[in-house]
Amino acid sequence: MAHVITQACCNDASCQTVCPVNCIHPGLDEPEFATAEMLYIDPAACIDCGACVDECPVSAIRPDDKLDDTNHHFLGINAEYYTDHQPSRRKPVLLPLPQLPRHRNLHVAVIGSGPSAFYAAEELLSQPDVTVDMFERLPTPFGLVRAGVAPDHQSTKLVTRMFAATAARRSFRYFLNTDVGRVISLDELAERYHAVLHASGAAGDRRLGLPGEDLRGSFAATRFVAWYNGHPDFANEQFDLSSETAVVVGNGNVALDVARILVSDPETLASTDIADQALEALRQSKVRDVVVLGRRGIADAAYTNGEFAALGNIPGVDVIIDPEDLVLSPPAAAALARGSLESTIATKVNLAREYAARTRTPGNRRIVMRYLQAPAAIVGDTGVVAVDCVRNAYADDGAIVPTGRRVRIDAGVLVRAVGYRGSPIAGLPFDTARGIVPNDRGRVIDADGHYVAGWIKRGPSGGIGMNRTCGRETAHTILSDFAAGRLSSPRTSHHDVADLLIARGAHPIDGDGWRRIDEREKASGRRLGRPRVKIVEMAELAATAR
Ligand code: SF4
């Protein structure tokens, strides 16, 4: 018997600190941690004590005899990690917190309310005499956990319980519905707090740079995801889903989310917190096939194994892979022949082979995974009618080279899921090439008193848990700077912030206001057997908070 980490794993490593035998890896201080798809329990070392189950913020850990058909493959995914990884025997050590000056209060303004904002806030508030005021443009908190995590991944959203515990601290205040830069300037915040921590994420998207990209029917996954998740800025978006085929460019987890939502039975989605207007549009959708394009091969796909394996469990949906696409790069093929292909890559390859061997079910909707294929042009006059693709191949050294062979896919929908991108913050330096604010362990370069955490600090990669290490690092930098006397004292008190905002006609929402929104959404959901029914209009959210 052993415990097993399953699909919802958020990598935040809370479980590692309680495991008495240190059998959950990679550990926070192991080099693989930064790039790990998920954490894994060593079945040979686990003593089945169950301590990690209570600690996991997203309920991703199960005893192996409680796995069902949908997550049984995680038994193998956990065990395979230990076939070629030598875990550190040392217990992960958390960075000691700097000693703060006694009887001196530290006041921090945090802009943004997603995971990195909350992980940093929690670390700051674990110290006495620290206060955090959190500013968020929307009337609701939690950033991409609310507006990015797919509605059929409810257990991942459980991480918000941890954030709610941080928000319940007496030294924490919410200023939701407060657009910093519009109703209060950055300078005005900097005058009132020792430090301003920017954790507003990377909401922009990357473009393909192809002809036809702005045709009707072509859009960014970021918009589509925000729409089906009820983000107020996207509540009134319209997506033309009248075509039978959609193409999704990119094969990371966001691409798989979009593909899954497009072909899932809307009546299954109706039991989630998907936005009502999106559910209605999906009920009318004609999309039956989604083609997911990856420019590289099966061993180099960007999705995680857990998400890829879960595609095979969608009722009424076949996952199709052409056996001709099961091509490895020469270096990967050689490693496989030697038996030295890295275990997570070997799992990717095996899963792709398993899908390629599956029998198709007549009448099912389909997710067609295509590899070594990149879009070259989007075809159409006013709307998308087809996507022209070019076949790629591997050179001997594993580099990708276009072959010149063209393939046309008739499709009326083109979703680009090739990554998020950070936007400049007025008043702070910006690295345009990387889409981040340049920083040293979270301290913004050439902007005293300003700090960053999350995607705007390190770029848009890594899941929820990666923000724990990232947010903690920035919090430690702030605390160290404060302890070393490097932070200027506020010129004026932060106690007037609420009055200042109201005097300017803003309607900031505090913790009680958010509680009213949360309770109403959950109550509406209970009546329908759903986790919540999201309110998606700004005015209605604000009125509910009042
Ligand atoms: Fe560690 Fe106990 Fe969890 Fe096994 S069940 S991974 S021994 S905490």
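These numbers come from a predicted model, not from an experiment. (Residues numbered from 1 in each chain as written. Predicted model: local features only at pLDDT ≥ 70, side-chain atom pairs only at ≥ 80, totals over all residues. Heavy atoms only, no water.)

A.B. asks: It is not clear to me how the sheet that holds strand β15 (residues 373–379) should be interpreted in this structure. Could you clarify?
C.D. replies: Within a sheet, each strand pairs with its neighbour through backbone hydrogen bonds, oriented either parallel or antiparallel. Spatial strand order, β15-β16-β17: three strands in an open sheet with antiparallel pairing. Every other strand in the sheet has two partners, leaving β15 and β17 (400–410) as the edge strands with one partner each. Ignoring which end each strand starts from, the neighbouring axes of this sheet average 25° apart. Pairing of β15 with strand β16 (residues 386–394) involves six bridges; the strand directions are antiparallel. The residue of β16 that forms the bridge with A374 is V390. (Pairing = 2+ DSSP bridges. Helix = DSSP H or I, 4+ residues; strand = E, 2+ residues; numbered from the N terminus. Axes fitted to C-alpha atoms, helices over the stretch in contact; angles between N-to-C directions.)

A.B. asks: I keep staring at the site of the ligand and nothing clicks. Help me out?
C.D. replies: The local shell around the ligand holds 14 residues, among which C19, C46, C49, G50 and C52 are the closest. By residue class, the composition of the shell around the ligand is eleven nonpolar, two polar and one charged. (Near = heavy atom within 4 Å. Nonpolar A, V, L, I, M, F, W, Y, C, P; charged D, E, K, R; others polar.)

A.B. asks: Please explain the sheet that holds strand β10 (residues 218–220) as it appears in this structure.
C.D. replies: Reading across the sheet, the six strands line up as β10-β18-β11-β12-β14-β13 and stay open at both edges, with parallel pairing between neighbours. Looking at strand neighbours, the two that pair on one side only are β10 and β13 (317–321), the edges of this open sheet. In this sheet, adjacent strand axes meet at a mean angle of 20° when their direction is disregarded. As paired elements, strand β11 (residues 245–249) and strand β12 (residues 289–293) share five bridges and run parallel to each other. What sits directly across from V249, in β12, is L293. Where helix α7 (residues 221–228) meets the sheet, its contacts fall on β10 and β18 (413–416), and the angle it forms with β10 comes to roughly 75°. (Contact = heavy atoms within 4.5 Å.)

A.B. asks: Which parts of the structure should I look at to understand helix α15 (residues 466–483)?
C.D. replies: Since the α-helix turns once every 3.6 residues, residues separated by three or four places project in the same direction. With 18 residues, α15 extends 26 Å from end C-alpha to end C-alpha; this agrees with the ideal 26 Å at 1.5 Å per step. The buried fraction of α15 is high, at 14 of 18 residues. (Expected span 1.5 Å × (residues − 1). Buried < 20%, exposed > 50% of the residue type's maximum accessible area, 1.4 Å probe, protein only.)

A.B. asks: I'm lost on the packing of aromatic side chains in this one. Help?
C.D. replies: Inspection of the entire model under this criterion finds 21 aromatic pairs. Measuring from centroid to centroid gives 4.2 Å for Y303 and F308, while their planes differ by 20°, and the two rings are stacked. Accessibility assignment for this pair places Y303 and F308 in one class, buried. Between Y420 and W455, the ring centres sit 5.2 Å apart and the planes meet at 55°, which makes this aromatic pair tilted. (Phe/Tyr/Trp six-rings, centres within 6.5 Å; stacked < 30°, edge-to-face > 60°.)

A.B. asks: Which parts of the structure should I look at to understand the domain arrangement of the chain?
C.D. replies: Often, the extent of an interface is quoted as the loss of accessible area on bringing the components together. When cut into domains, the chain gives domain 1 (3–81), domain 2 (106–203 + 422–509) and domain 3 (206–418). Centre-to-centre, using C-alpha coordinates, domain 1 lies 29 Å away from domain 2. Across the domain 1/domain 2 interface, buried area totals approximately 1000 Å², and carbon plus sulfur atoms make up 56% of it. The three residues of domain 1 that bury the most area against domain 2 are D12, P57 and V58, which together make up 39% of that side's buried surface. (Domains from an automatic or database assignment. Buried area = accessible area lost by both parts, 1.4 Å probe.)

A.B. asks: Is there a simple way to think about the environment of L176 in this case?
C.D. replies: Along the chain, the position of L176 falls in the loop between β7 (172–175) and α6 (186–192). Accessibility expressed as a relative area gives 0% for L176, which makes it buried. Linking L176 and T140, residues 36 residues apart in sequence, is a C-alpha distance of 6.5 Å.

A.B. asks: Can you walk me through the pattern of salt bridges in this structure?
C.D. replies: A side chain of one charge can pair with a side chain of the opposite charge if their charged atoms are brought near each other. On inspection of all chains with the given rule, the structure shows 39 salt bridges. A salt bridge links D240 to R216; the shortest N-O distance between them is 3.1 Å. Of the two residues, D240 sits in the loop between α7 and β11 while R216 sits in the loop between β9 (204–205) and β10, which places them 24 residues apart along the sequence. Judged by its relative accessible area of 29%, D240 is partly exposed. (Salt bridge = Lys/Arg side-chain N within 4 Å of Asp/Glu carboxyl O.)

A.B. asks: What am I meant to see in helix α17 (residues 511–528) here?
C.D. replies: Over its 18 residues, α17 extends 26 Å from the first C-alpha to the last, a length consistent with the 26 Å expected when each residue adds 1.5 Å. When we look at burial in α17, the residues that qualify are G511, G513, W514, I517, D518, E521, S524 and G525. Around the axis of α17, the buried residues are gathered within 165° of arc, so they sit on the same side. Turned more than 90 degrees away from the buried face of α17 sit R526 and R527, all of them exposed. Considering only its buried residues, α17 is in contact with α4 (143–147), β7 and α18 (538–545). (Arc of directions from axis to C-beta.)

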